[in-house]
Amino acid sequence: MRKFFTAVVFIPLGLIFIVFAVANRHWVTVSFDPFNSATPTVAVTLPLFVVIIASAILGVIAGGSVTWFRQRRWRHAARQHEADARQTRAELADLRAAAAGASRGDGQRLPAPAQIGFYGPAGRDKQGATL
C-alpha cells in the first residue's frame with residue numbers, strides 16, 4: 001500500500017516540480033536592502049523557481065514551528081496525564097498484590113462494618129425519616 005501511495009502522490013508531484021523549474025528558469029535578483037533598490041548592498045541572483053520553492057519551504061517550516069510552540073501546553077498536559085496513569089497503574093498493581101496476599105490467609109482481615117445507619121448513627125436519611 002505504501003508503494004502504491006508513493007507512486008500515486010510523489011511521482012506526479014515530482015513531475016510538477018520539474019515542469020515548474022523548467023518553466024521558471026529566469027534569473028531574478030532578490031534584494032535584502034530596503035533603502036537602496038537600484039544598487040542593493042545585500043542581494044542574491046537566483047533562478048525564479050529556486051526563490052519560489054525556497055519561500056514555500058521556509059513558509060512550511062515557519063508554520064510548523066509556530067504550531068509546535070502553540071501546542072506546548074497540550075504536550076505538557078499529555079506528559080502529566082501519562083505520568084499520573086503510570087503512578088496509578090503502579091498503585092493498582094500494589095493493591096492487587098496486597099489483596100492477593102490477604103486472600104491467601106495472611107491473617108489480616110478488614111474489620112466488620114459498624115451497625116449504624118446508612119446516613120449516620122441515628123438511622124435516618126437526609127430528610128430525617130426513620131429507616
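See the structure printed just above.
Keep in mind it's a predicted model, so treat the numbers as computed, not measured.

Colleague: Run through the packing of helix 1 (residues 2–23) against helix 2 (residues 48–70), naming residues and quoting values.
Modeller: Across the interface, helix 1 lies against helix 2 with an axial gap of 8 Å and an inter-helix angle of 135°. The angle between helix 1 and helix 2 places the two elements in the oblique class. For the pair helix 1 and helix 2, the contacting residues are F17, F20 and A21 in the first and F49, I52 and I53 in the second. Looking at side-chain class alone, the contact of helix 1 with helix 2 contains 6 nonpolar, no polar and no charged residues.

Colleague: Account for the packing of helix 2 against helix 3 (residues 72–103), with residues named and values stated.
Modeller: One can describe the packing of helix 2 onto helix 3 by two numbers: an axis separation of 4 Å at closest approach and a directional angle of 45°. Of the possible angle classes, the one that applies to helix 2 and helix 3 is oblique. Contacts from W68, F69 and R70 in helix 2 reach R72, W74 and R75 in helix 3. Class assignment of the residues belonging to the contact of helix 2 with helix 3 gives a composition of 3 nonpolar, no polar and 3 charged.

Colleague: Give me the side chain of D33: which residues, what numbers.
Modeller: Structurally, the position occupied by D33 is in the loop between strand 1 (27–31) and strand 2 (43–47). For the buried D33, which has no salt bridge, the nearest side chain bearing the opposite charge is R25, at an N-O separation of 30 Å. With sequence-adjacent residues up to four places away left out, D33 is seen in contact with P40, T41 and V42.

Colleague: An account of the packing of aromatic side chains is requested, with residue identities and associated values reported.
Modeller: Summed over the entire model, instances satisfying the criterion amount to 2 aromatic pairs. Taking the centre distance of 6.4 Å and the plane angle of 85° together, the rings of F5 and F10 count as edge-to-face. By relative accessible area, F5 is classed as partly exposed at 48%. On the basis of relative accessible area, F10 is assigned to the partly exposed category, the value being 48%. Against the face of W68 rests R75, its NZ or CZ located 4.3 Å from the ring centre.

Colleague: So what's going on with a nonpolar patch on the surface? Residues and values would help.
Modeller: Taken together, the side chains of M1, F4, F5, V8, V9, F10, L13 and F17 define a hydrophobic patch exposed on the protein surface, amounting to about 870 Å² of accessible area. Position of V9 relative to the elements: it lies in helix 1. Owing to a relative accessible area of 31%, V9 belongs among the partly exposed residues under this scheme.

Procedures and definitions
Residues numbered from 1 in each chain as written. Predicted model: local features only at pLDDT ≥ 70, side-chain atom pairs only at ≥ 80, totals over all residues. Heavy atoms only, no water. Axes fitted to C-alpha atoms, helices over the stretch in contact; angles between N-to-C directions. Helix = DSSP H or I, 4+ residues; strand = E, 2+ residues; numbered from the N terminus. Parallel < 35°, antiparallel > 145°, perpendicular 65-115°, else oblique. Contact = heavy atoms within 4.5 Å. Nonpolar A, V, L, I, M, F, W, Y, C, P; charged D, E, K, R; others polar. Buried < 20%, exposed > 50% of the residue type's maximum accessible area, 1.4 Å probe, protein only. Lys, Arg positive; Asp, Glu negative; His and termini not counted. Salt bridge = Lys/Arg side-chain N within 4 Å of Asp/Glu carboxyl O. Phe/Tyr/Trp six-rings, centres within 6.5 Å; stacked < 30°, edge-to-face > 60°. Lys NZ or Arg CZ within 6 Å of the ring centre and 35° of its normal. Patch = residues over 30% accessible without salt bridge, like charges linked within 9 Å, V, L, I, M, F, W, Y side chains within 5 Å. Areas by Shrake-Rupley, 256 points an atom, 1.4 Å probe, with all protein chains shown as cover.

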